[in-house]
Amino acid sequence: MPEAAVRESFLEQVVRETPNGERLKRCIQCGSCGGSCPSGAEMELTPRALFALIRAGDKERVLRANTMWKCVSCYFCTVRCPQEIPITDVMYALKRIAIREGLAVESDAPALAHTFSRYVDRYGRSFELGIASRYLLVHKPGTALRMGPTGLSMLRRGRLSLAPKRIRDLEGFQAIVARARELEREESA
Ligand code: SF4
Ligand code: SF4
């Protein structure tokens, strides 16, 4: 495939996988996003640099960066972007593509996302104790031990449930999620 077509295809892939992703093409490289980001210091590439590389077609470098995994979805960049680019949603799209293509560098981040979404799929909401026991004990045992006293204190104060609770109309919620996944599959096909 010619170089220009490779470049175009990665940009178009990200655009296709991001709601209102077409706006990504309007980036003027002003850097307001990185300047607003609370996680900027931990990112190998700022959002601005990431977007320049997407446009340059450097797929491997983009998908192997830790940037999207350090994003805490605060939406501050999105609110401040003068071009109204859905930056936070681009981060989600990059995570999905990196996981799908086996290039996710933060190996435990996808595991956290899967543990979280398994509880949401099953009960309609998150279950903190389950996430702590299934994810932290397996992937970050040191953190699990450090958080033990905090967890016990939260349990004593009734701030942590011992068992997951289902939301009302779980079937309705599951039907919405199933339809959303179907649409996502159709769009990325
Ligand atoms: S704030 Fe918006 S326009 Fe500026 S660099 Fe970031 S994404 Fe591009
Ligand atoms: S949404 Fe993510 S990338 Fe944007 S400012 Fe917040 S942490 Fe940074």
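Here is a short report on the structure shown in this document. Here the structure is a predicted model, which means the values were calculated and not measured.

### Considering the site of ligand 1
- Every one of the 14 residues lining ligand 1 counts as a neighbour, but Cys27, Cys30, Gly31, Cys33 and Cys81 are closest to it.
- When contributions to the shell around ligand 1 are tallied by element, the ones reaching two or more residues are α2 (32-36) and α3 (47-56).
- Partitioning the shell around ligand 1 into residue classes produces 9 nonpolar, 4 polar and 1 charged.

### Let's talk about α3
- Three or more residues of α3 are buried, namely Pro47, Ala49, Leu50, Phe51, Leu53 and Ile54.
- Taken from the residues just after α3, Gly57 is the one with a positive phi, measuring 80 degrees.

### With respect to the environment of Leu162
- Mapped onto the elements of the fold, Leu162 is located in the loop between α10 (141-156) and α11 (170-188).
- If sequence neighbours within four positions are ignored, Leu162 has contacts with Phe127, Leu129 and Leu155.

### Digging into the site of ligand 2
- Surrounding ligand 2, one finds Cys37, Pro38, Cys71, Val72, Ser73, Cys74, Tyr75, Cys77 and Thr88.
- Per-class residue counts for the shell around ligand 2 are 7 nonpolar, 2 polar and no charged.

### Comments concerning the packing of helix α8 (residues 108-123) against helix α9 (residues 128-139)
- Interaxial distance between α8 and α9 falls to 10 Å at its minimum, and their mutual angle equals 160 degrees. When the axes of α8 and α9 are compared, the pair comes out roughly antiparallel. The two elements α8 and α9 cross, and the hand of that crossing is right-handed. Each of Asp108, Ala111, Leu112, Thr115, Phe116, Arg118 and Tyr119 in α8 lies in contact with α9, whose residues at this interface are Gly130, Ile131, Arg134, Tyr135 and His139.
- Considered class by class, the residues forming the contact of α8 with α9 number 6 nonpolar, 3 polar and 3 charged.

### Here's the deal with the pattern of salt bridges
- Here the structure, examined in full by the defined rule, presents 12 salt bridges.
- Salt-bridge contacts for Lys25 lead to Glu12; the nearest nitrogen and oxygen are separated by 2.7 Å. Of the two residues, Lys25 sits in the loop between α1 (3-17) and α2 while Glu12 sits in helix α1, which places them 13 residues apart along the sequence.
- Note on Glu12: relative accessible area 24%, which makes it partly exposed.
- For Arg181, the salt bridge identified is with Asp121, shortest N-O distance 3.2 Å. You can see Arg181 sitting in helix α11 and its partner Asp121 sitting in helix α8, a full 60 residues away along the chain.
- The structure contains a network of salt bridges with shared partners spanning Glu12, Glu22 and Lys25.

### Observations concerning the packing of α9 against α10
- Viewed as axis vectors pointing N to C, α9 and α10 meet at an angle of 125 degrees, and their least axial separation amounts to 5 Å. The orientation of α9 relative to α10 falls into the category oblique. Where α9 abuts α10, its residues Leu136, Leu137, Val138 and His139 lie against Pro141, Thr143, Ala144 and Met147.
- Here the contact of α9 with α10 is composed, by residue class, of 6 nonpolar, 2 polar and no charged.

### So, unusual backbone geometry
- Positioned with a positive phi, Asn20 is a non-glycine residue whose angle comes to about 60 degrees.
- Along the polypeptide, Asn20 turns up in the loop between α1 and α2.
- Its relative accessible area of 56% is what places Asn20 among the exposed residues.

### Thoughts on α9
- For α9, spanning 12 residues, the distance from its first C-alpha to its last is 15 Å, which sits close to the expected 16 Å at 1.5 Å a residue.
- All of the buried residues along α9 are Gly130, Ile131, Tyr135 and Leu136.

### Describing the packing of aromatic side chains
- A full pass over the atoms with the stated rule returns 2 aromatic pairs.
- An angle of 20 degrees between the planes, with centres 6.3 Å apart, marks the rings of Tyr119 and Tyr123 as stacked. With Tyr119 and Tyr123 both in helix α8 and 4 residues apart, the pair spans about one turn of that helix.
- Accessibility expressed as a relative area gives 16% for Tyr123, which makes it buried.
- Pairing Tyr119 with Phe127 gives two aromatic rings, centres 5.5 Å apart and planes at 70 degrees, and the pair type is edge-to-face.

The rules behind each value
Residues numbered from 1 in each chain as written. Chains lettered and ligands numbered in written order. Predicted model: local features only at pLDDT ≥ 70, side-chain atom pairs only at ≥ 80, totals over all residues. Heavy atoms only, no water. Near = heavy atom within 4 Å. Helix = DSSP H or I, 4+ residues; strand = E, 2+ residues; numbered from the N terminus. Nonpolar A, V, L, I, M, F, W, Y, C, P; charged D, E, K, R; others polar. Buried < 20%, exposed > 50% of the residue type's maximum accessible area, 1.4 Å probe, protein only. Contact = heavy atoms within 4.5 Å. Axes fitted to C-alpha atoms, helices over the stretch in contact; angles between N-to-C directions. Parallel < 35°, antiparallel > 145°, perpendicular 65-115°, else oblique. Left-handed = near helix turned anticlockwise from the far one by under 90°. Salt bridge = Lys/Arg side-chain N within 4 Å of Asp/Glu carboxyl O. Expected span 1.5 Å × (residues − 1). Phe/Tyr/Trp six-rings, centres within 6.5 Å; stacked < 30°, edge-to-face > 60°.

Everything listed here is a matter of geometry and, on its own, says nothing about what the molecule does.
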